[in-house]
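# Topology and contacts: notes
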Amino acid sequence: MNLTQSIAIYLIHQNKHDADFLPSKNYLKELPEIKLFECINECDKKTFKSAVSNISPLEYDKIILAGENPGFYKDLFLSQIALAGKNPEILLLNFCDYGLNHFIDNNRLIAAFLGLVYNIPFKKLLSNGNLPVNDQTLIIGAGIAGIQAALEIGNANKKVFLLEKNATIGGHMAMFDKTFPTLDCAACILTPKMVEVGQHPKIDLLTYSELLEVKGNSGNYQVKIKKKARKVDLKKCIGCGSCSARCPSHAPSEFDSGISLRNAIYIPFPQAVPNKYVVDSAICRYVESPYEINAQTIKELNKTAGFPKEITEKLVVLKNKEIKSAVEFNSVLIENIGEQNTEKYGELIFEHTGACKNCVRFCPVNDCIDLDEQDEEVEINVGNIILATGFKAFDAKKAIQYGYGVYPNVLTSLELERLINASGPTSGKIVLAGLDKKGNRIFDKEGEKPKSLAIVHCVGSRDVNHNKYCSKVCCMYSLKLAHLVKEKLPETTVYEYFIDMRAYGKGYEEFYNRIRNEGINIIRGKTAKVELKDDHLWIRGEDILKKKLIEEKIEMVVLAIGLEPASDNKALADILGLQLSAEGWFKENSSDTETTLTNNQGIKIAGVCQGPKDIPDSVAQASAAAAGVLKSILKGEIKGEIKEINLQHIEKIVKEQVQ
Amino acid sequence: MEEYRIGVYICWCGTNIAMMVDVEAVVEEIKKLPNVTIAKDYKYMCSDPGQDLIVKDIKEHHLNRIVVAACSPRMHEPTFRKALENAGLNPYFFEMANIREQVSWVHTDRIEATRKAKGLVAGAVKRVVHHKALNKRYVDIHPATLIIGAGVAGMSAALEIADSGQKVHLVEQCNQLGGMVRKVDLNYPYLNSSRQTISQLIKNTEEHPDIQIYTESKIDKISGYIGNFRALLSNHQEQRELEFGNILIATGLKSFDPSIIENYGYKRIPNVITSADFEKMLYSGLIHCENGKEPGNIAIIHCVGSRNENYHPYCSRTCCMTALKYINQISSAAPECNIYDIYADMRAIGKDCEELYASTSKKNVMFLMFDQQHDLPVIKQNGNGKTVSIEFTELLSGESIHIQANMVVLMTAVESQANNKEIAHLAGISTDKNGFFIEKHPKLDPVATTTEGVYIAGTCQSPKDIPDSIVQAKAAAARILATIAKGKVQVEVTTAQVNEDICCGCQCCASVCPYSAISYNEDKKVSEVNEILCKGCGTCASACPSGAIVSKHFTDNQILSQITGVLEMQIETA
Amino acid sequence: MENLVNPKLRDELKKFGVQDWEGCYHCGQCTANCPLTEQGQLFPRKDIRSMQMGLKKTLAGSLEPWLCYYCGDCSKECPRNANPGEMMMALRRYLTSVYDWTGISKLIYNSKIAEFALIFIIAALVLILSIIYSQVPDRSLWITPEGGVAINQFFPVEYVHFGDMVMFVLLAGLLISNIVNMYFKVIVNQGIKVHFINYFTEFWALIWNFISQKKFSKCDSKPYWYVHLFLVTAYVTLFVMVVAFLTWFQTDTIYAWYHPQRILGYYATLGLFAGTLYFIYQRSRKTKENSKHSHYTDWTFIVLLFLSTLSGILVHVFRINGMALATYYIYIAHLMILTPMLMIEVPFSKWSHLAYRPFAIYFARLKKAAENKQKEANMEATYKLKESIA
């Protein structure tokens, strides 16, 4: 070890006070190596300038620049030093990479400096010895990233719990029609993986479940999980659909991105895993109000064609009477309106009362549906946790200038994705939206085809009014959608309005070139607004390269919405003790080398929950996260994390290392 | 003789197949064929319910042969074989007819396409009765791993594997570890020090007891198969043999040489330099022209050799952000310097990259857009010899402009290593038209290759930045760790088999085998097949003059009956 | 046409107002959001580009900044907060300095100190002149026999009118020379060939737009247009009365309230007072796009105008109440505010848009006419070519 080295430290902070760093300064000044410790406020240009010009590089072997963004000043120092003719090493200490960005923790800062001064990895300084590892793993989120990670670990013969808050696994990828740039059908490549996960002996699916609590340390976590009441027995359900066929309640289908309706008891989509029904308690008439005839029921029955008035009158007696079970309700009905009428109108009454239990009545399997089932808590012990919670699509209603939610034929890209998809509501026919009697938007298979369609890029992305970041995938999926539309409707004029075409991955640029030759009008210039003028949608924008104002009559407008952090990220971060970035993505340990690790050794992150990315990158990240898990399991130990930094402990390690 | 009970399933594949093939008509036609017990159609056969349908029918109708007409067997043959297994049937009692890639995607006439589909399915039905039960075989995995290339990807993977206590052989052709990243000072978007990152990585790799490093070495030969590879390794002094179970290729890439681009005059005009040259300057701390003076005007040109059919059609992915990084570094070192950034599309795709783009635009920089495809700027040397002028049409303003600069930085493309083809041949994988290695599946399997036990990571697969390379390296490590953890892996069973009674010992087969799987048994005077090396390609079977070699699952009998089936149906439906 | 980009112009332009336009990444939303932009006359993105690239000549020939009425629609949804609306405003300031051959405009816009110094120098000159002059007339006549105010005895209207006319000629000279300069920059230097007759056929547009500010009403914020129109008419009325008809306006006789002199005076005063108050209120609240960012010259202009109005009102109030000395002092103060305001704002600063904007509209029409002519000529040529081939 070179004992004679002399080091200068410049701490460049943004609008904090020099005094905040006084403990670090006092501590480090005591070290024989540290010759200079200077705090500079980034915004104070004057002191900055004089500090840099007064630097005497010949005195130092090492210069450490610390701060929020020290890299941006490195070249400033470097050019000063290079002029003087000597070339001391300049080291950077980025607060962000040392978990120092949120608040000033002087002990942590001192440790970071010590690491750089004595050339000891920061992780080594912080490690608290090794802990034994439980070889079970919990994966949160069963989109493509979660599935991939689960398979990776499961295939190594290690137990995996795959937690998913929805009733099926598959995530967003299951909703897509085809994937860029190879135009592989998304379902064709994803469903086998879903099936594999579903059948894997080492993978336990915990669908329709939520994370409640995590206790313990890396290598050994006690996890509490809430299994939401599915109300359908997974083992008994045969997926016949008799229940759903008679269900009177509807809600927009999440899987179809809201462009079709599903019932209260439903299978999310035909290829769901597990392919079993689930009851949406929020809209189930029974769950809402068990066995009760109310004023609304009677009103609805009266409106129903062919329903005899006299029976309604008899039903009034039953108003607001609480009845516990279907059998009881049936007998009450017989008692009041007679057996014959019950047989004839029973179903109708069931449908219209809050006392609906049609699914139970028509289910061919005994005790399969239990509408009284309650949420359940389970506890598991795992050694590692992988977080792969994905994203939430940008709410296009926020970009009011495009009139999404106002004009029926302004769609989001996800909606078009479902419309194009063969398993979508129109069996893959691209049609214009109409309105039903209630004013809801409907897509009819026999509907009219759009003669012109425009895709607007960067909706909600690269925009200070919404999200500053680039969502990375929109350019490519827009090109893909344009291609698919053109393929299905060759007569349709397709426009794409973009700012920068970000075709960055393997084969993407080639794909872009291909689409350009398919007769699609790809125009540089973002659409500014969509307006309704004389019953037609008009878009207005600027064609930047042709220097023209675009005022085009368009029948269907598709908004390429960006990706946003999932709404429950904050709650999850609190449960798991993780940090979030300013936008709400999960914060990785190091932006370069450890994008799948977090400040908590046992918790890994994968996929879009770390930041927007496409499918191959998500898959790679999932595998990489799995590598971290497998590494610790194979070794049988994991590094413990210190939450409170003890300087004496660190000094001890430093002493050992220096000697 | 056994009674054949065949179940036939026709997949719609959403509309992929159903759009061009009348699936129901195919079902009706196939039902009439002999031995067909049931024929059904379903929207997505590969889905869970689709597979369940097969399993249920096998049990209910005692089916003993299954035909599925759907997509290419490449993706889903394993899926359906598994379904058969789940139903207790030997997975090889299965045949797949490809009516998507071979029918619906390539035809435009629905009637003809339907007819062709009928033929293909009939062929499969005819064939499947000749299928024989084959049993799975496993091989043990050697726990060591060979990693070729010790750049940031290779080292990350090595550390990941070695940290779990497994042996790694790390081979590097240069005399130093670190690869391309060693030449980079700062990294975007946070301007963190790559130098620190890479030196830490090198230190960890070199100090790791389980990583054996071979610098200035190259692989001469690889033999063996997943779990049991051997390689010959040589450097100037010696040659040695290594044994290992998996191979990871992380050979990285190299910079494009822009001197072939006439317009830019690289190497002809002074002060026109590449990004690599500029990086060197930044590394040393002095940005200077050839006369030693600090440049007052620097122009940066993007997409040099990228996104242009004449050079490389692909996007090099990192240059846009590297240019933004340069702008920040120049503004830091020389705040008075004017920077012209000549770009095509600003591809700020990574986390926080768009934010860097936004903050960079406030620096002393002028962003100018050009057409990288058809209108490359022309760089000319001015009379004074100190400056160059760059002329082109700026797209955002529509003006044709010329700018004066003291220095031009060309953001050169990256391209595949020259010896990729060689390595691909050694490892039994393939390269694409740009020379990058081809992954098993571009979407869902970016690190595996079609050869089992051989993985690729980092920029040898396609251009990418440091975090993405490291992620891929770790992903490949996960795959390798999983096989090591399991200890054994299933191998191909559709291999070649020699009928020793007929074999005349001519050794024609051994000379054509691409996998060196056939050897001659001197004692018995016959050829023998090493079933683990054999990939079942069938070359030997067709070369054998006496018909002594049979490819399991591809017997003459099976193929001929398939052809008959197809032709009969074509005649019948004509 | 080859254009030399100028990276240094950026720094120069930054002095004329906010600099957020550096962040623009050219999505084109601002142009499409603008209610005034037309095919062939796109702004503001095009101007941002010229600013970013430092295309001096293009900028000098650009009419668009004057065609913009700053409704702020462009800035509202800008994805990079590049603030194109304020950028157009800054560009107007810059162009004012470009048209101005004396260089005073640039001085005012680039240095607060210079602007205030100029104001004080002119105000001091007025004061000194007043002090010197106040020694000349017979002080006994300052108060009328009835004890009322005799402003024409204190400051005989002929003298003031003479001063007025001198100032008017000076201002007109400066403005006209600047407009000629503008004409050369936007028409002649850009190589536009205007057909002679069009100078007359398009002239009505100049007048009509000057009076009505009609284009402005296309912007969404109607109240803003009303206030602006009210202010403009008020100002013009007062300007004409004070400068051309001062002898009629400044009398010692106090007419009845319905006398046209008083009615017109009240209208103008009200317009100016309400208008300036409205703008001061808006600018200090900073809620609307067009009042969020104020250059210091915006403030000096609006404050000077307000103070001129206020002092004018005071003169009137004191006068009709017969408070002689108060009237005279405040009258001097009024002149001390009014003169620098007119001298600085009309030819060199914000007020100049009164002349530049209608002329810009006029020039834009000339340009369009020339382009149409060119197009026709081209068509004819092709037609003839076709015919000859046939």
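Residues numbered from 1 in each chain as written. Chains lettered and ligands numbered in written order. Predicted model: local features only at pLDDT ≥ 70, side-chain atom pairs only at ≥ 80, totals over all residues. Heavy atoms only, no water.

### Considering the overall build of chain B
Defined as follows: Only DSSP runs of H or I covering at least 4 residues are called helices, and only runs of E covering at least 2 are called strands; the numbering of each starts at the N terminus. We call a residue buried when its accessible area falls under 20% of the maximum for its residue type, exposed when it is over 50%, and partly exposed in between, using a 1.4 Å probe and counting protein chains only. Contact between two residues is taken to exist if any of their heavy atoms lie within 4.5 Å; hydrogens are not considered. For accessible areas, the Shrake-Rupley method is used with a probe of radius 1.4 Å. Any residue's cover is judged against the shown protein chains and nothing else. The sign given to each residue is positive for Lys and Arg and negative for Asp and Glu; His and the chain ends receive no count. Positions of charges follow a simple convention, taking NZ of Lys, CZ of Arg, CG of Asp or CD of Glu.
Across its full length, chain B carries 15 helices and 30 strands. Classification of the 574 residues of chain B by burial places 61% in the buried group. Summarising the internal contacts of chain B: among those between residues at least 6 apart in sequence, 69% fall at separations of at least 24. Accessible surface, chain B as shown: approximately 21,800 Å² in total, 50% of it carbon and sulfur. Taking the 57 positively charged and 66 negatively charged side chains of chain B as two groups, their mean positions are separated by 2 Å.

### Section: the overall build of chain C
Counting its secondary structure elements, chain C contains 20 helices and one strand. In terms of overall dimensions, chain C has a C-alpha envelope of 95 × 45 × 35 Å along the principal axes. Counting over 390 residues, chain C shows a buried share of 54%. Residue pairs at least 24 apart in sequence account for 75% of intrachain contacts in chain C once pairs closer than 6 positions are excluded. Summed over all atoms, the accessible surface of chain C reaches about 17,700 Å², with 70% contributed by carbon and sulfur. Computing the positive centroid from 38 side-chain charges and the negative centroid from 27, chain C places the two 5 Å apart.

### Overview of the pattern of salt bridges
Applicable threshold: When a carboxyl oxygen of Asp or Glu is within 4 Å of a side-chain nitrogen of Lys or Arg, the pair counts as a salt bridge.
A full pass over the atoms with the stated rule returns 78 salt bridges over all chains. Here K14 of chain C ties to D11 of chain C by a salt bridge, and the two come within 3.5 Å at their closest N and O atoms. Of this pair, K14 of chain C and D11 of chain C both sit in helix α1 (residues 9-14), three residues apart, roughly one helical turn. The exposure class of K14 of chain C is partly exposed, given its relative accessible area of 22%. One salt bridge in this structure joins K76 of chain C and D73 of chain C, with 3.0 Å as the shortest N-O distance. Of the two residues, K76 of chain C and D73 of chain C both sit in helix α6 (residues 73-76), three residues apart, roughly one turn of that helix. If you follow the salt bridges from partner to partner, you end up with R462, D500, R502, E509 and R524 of chain A, R307, D345, R347 and E354 of chain B together with R80 of chain C in one network.

### Comments concerning the sheet that holds strand β11 (residues 218-225) of chain B
Residues and elements named next belong to chain B. We count it as follows: Any two strands are treated as partners once DSSP identifies two or more bridges connecting them. Note on geometry: axes are lines fitted to C-alpha atoms, helical ones only across the stretch in contact, with angles between N-to-C directions running from 0 to 180 degrees.
The strand order across the open sheet built from three strands is β11-β12-β13, with neighbouring strands paired in antiparallel fashion. Of all the strands in the sheet, just β11 and β13 (239-244) have a single pairing partner and so form its edges. Going across the sheet, the axis of each strand differs from the next one's by a mean of 20°, ignoring polarity.

### Focus: the pairing of strand β27 (residues 536-543) of chain A
Residue and element names in this part refer to chain A. With six of its eight residues buried, β27 lies for the most part within the structure. Where strand β26 (residues 527-533) meets β27, six bridges bridge the pair, whose relative direction is antiparallel. Considered in β27, the bridge of L532 is made with L537. The pairing of β27 with strand β28 (residues 548-554) spans seven bridges and is classified as antiparallel.

### Considering the state of the cysteines
Here is the rule: Any pair of cysteine sulfurs within 2.5 Å is marked as a disulfide.
Counting across every chain of the model gives one disulfide over all chains. Each disulfide pairs two cysteine sulfurs, and for C185 of chain A the partner residue is C188 of chain A, the sulfurs being separated by 2.4 Å. Judged by the torsion about the S-S bond (85°), the C185 of chain A/C188 of chain A disulfide is right-handed. In this pair, the class of C185 of chain A matches that of C188 of chain A, namely buried. C460 of chain B forms no disulfide, and the closest cysteine sulfur to it belongs to C174 of chain B, at a distance of 15 Å. The buried category is assigned to C460 of chain B, whose relative accessible area is 0%. Lacking any disulfide linkage, C27 of chain C is separated from the closest cysteine sulfur, that of C30 of chain C, by 6.3 Å.

### Here we look at the interface of chain B and chain A
Inclusion rule: Computed with a 1.4 Å rolling probe, the buried area is the accessible surface lost when two parts are put together, summed over both parts. As a working rule, the residues Ala, Val, Leu, Ile, Met, Phe, Trp, Tyr, Cys and Pro are called nonpolar, Asp, Glu, Lys and Arg charged, and the rest polar, with Gly in that last group.
In this assembly, 99 residues from chain B lie in contact with 104 residues from chain A. If you sort the residues of chain B by the area they bury against chain A, K351, K443 and L444 of chain B come out on top, with a joint share of 10%. For the pair chain B and chain A, the interface holds 13 salt bridges. With a closest N to O distance of 2.7 Å, R502 of chain A and E354 of chain B form a salt bridge. A total of 15 residues in the side of chain B that touches chain A trace back to one element, the largest contributor, which is helix α12 (residues 466-486) of chain B. Across the side of chain B that touches chain A, the residue classes tally to 42 nonpolar, 30 polar and 27 charged.

### Describing the domain arrangement of chain B
Cut-off, in case you're wondering: Domain boundaries shown here were taken from an automatic or database domain assignment.
Domain annotation of chain B identifies domain 1 (6-135 + 556-573), domain 2 (145-252 + 417-489), domain 3 (255-414) and domain 4 (496-551). On a C-alpha basis, the centroid separation for the pair domain 2 of chain B and domain 4 of chain B is 34 Å.

### As for the pairing of strand β22 (residues 400-405) of chain B
Across six bridges, strand β21 (residues 388-393) of chain B lies against β22 of chain B in antiparallel orientation. Across the sheet, the residue bridging to V388 of chain B is A405 of chain B, located in β22 of chain B.

### A look at the packing of aromatic side chains
Quick reminder of the rule: Pairing of aromatic rings covers Phe, Tyr and Trp, the last counted by its six-membered ring, and requires centre-to-centre distances within 6.5 Å; plane angles under 30 degrees mean stacked, over 60 mean edge-to-face, and any other angle means tilted. Whether a charge sits over a ring comes down to the Lys NZ or Arg CZ being within 6 Å of the ring centre and within 35 degrees of the ring normal.
The final tally for this structure, using the stated rule, is 39 aromatic pairs over all chains. A ring pair is formed by Y183 of chain C and F184 of chain C, whose centres lie 5.8 Å apart and whose planes are at 80°; its orientation type is edge-to-face. The class of F184 of chain C is partly exposed, set by a relative accessible area of 40%. Put simply, the rings of Y183, F184, F196, Y199, F200, F203, F359, Y362 and F363 of chain C pair up and form one aromatic cluster. When the ring centre of F161 of chain A is taken as origin, the NZ or CZ atom of K159 of chain A, which lies over that ring, is 5.7 Å away. Over the face of the ring belonging to Y266 of chain A we find R262 of chain A, whose NZ or CZ atom lies 3.9 Å from the ring centre.

### Observations regarding the interface of chain C and chain A
Taken together, the 19 residues of chain C in the interface contact 19 residues of chain A. Taken together, both faces of the contact between chain C and chain A bury some 1,700 Å²; the carbon and sulfur share is 48%. Ranking the residues of chain C by area buried against chain A places Y25, Q29 and A32 of chain C at the top, with a combined share of 28%. When the shortest N-O distance is used, the salt bridge between R45 of chain C and E542 of chain A registers 3.0 Å. Of all the elements, helix α2 (residues 29-33) of chain C adds the most residues to the side of chain C that touches chain A, at four residues. Among the residues making up the side of chain C that touches chain A, the classes are represented as seven nonpolar, eight polar and four charged.

### Topic: helix α7 (residues 194-207) of chain B
Heads up, the rule is: Multiplying 1.5 Å by the residue count of a helix minus one yields the expected span of that helix.
The end-to-end C-alpha distance of α7 of chain B, which contains 14 residues, comes to 20 Å, matching closely the 20 Å that a straight helix rising 1.5 Å per residue would cover. Along α7 of chain B, the residues classified as buried are S194, Q196, I198, L201, I202 and T205 of chain B.

### Points about a nonpolar patch on the surface
We count it as follows: For patch detection, residues must exceed 30% relative accessible area and be free of salt bridges, and they are connected within 9 Å for like charges or within 5 Å for nonpolar side chains (Val, Leu, Ile, Met, Phe, Trp, Tyr).
On the surface, a nonpolar cluster with roughly 570 Å² of combined accessible area is contributed by F554, I559, L560, I563, L567 and I571 of chain B. Within the fold, F554 of chain B resides in the loop between β30 (549-551) and α15 (556-573).

### Some words on the sheet that holds strand β19 (residues 365-369) of chain B
Residue and element names in this part refer to chain B. Reading across the sheet, the five strands line up as β16-β23-β17-β18-β19 and stay open at both edges, with parallel pairing between neighbours. Of all strands in the sheet, those bounded by a partner on one side alone are β16 (272-274) and β19. Averaged over all adjacent pairs, the angle separating strand axes in this sheet is 20°, with direction ignored. Relative to strand β23 (residues 407-412), strand β17 (residues 297-304) runs parallel, the two sharing five bridges. Each bridged residue has a counterpart across the sheet, and for A299 the counterpart in β23 is V408. Together, β16 and β23 form the strand contacts of helix α8 (residues 275-284), whose direction differs from that of β16 by roughly 85°. In the packing of helix α9 (residues 319-333) onto the sheet, contacts are made with β17, β18 (338-343), β19 and β23, and the angle to β17 comes to roughly 170°.

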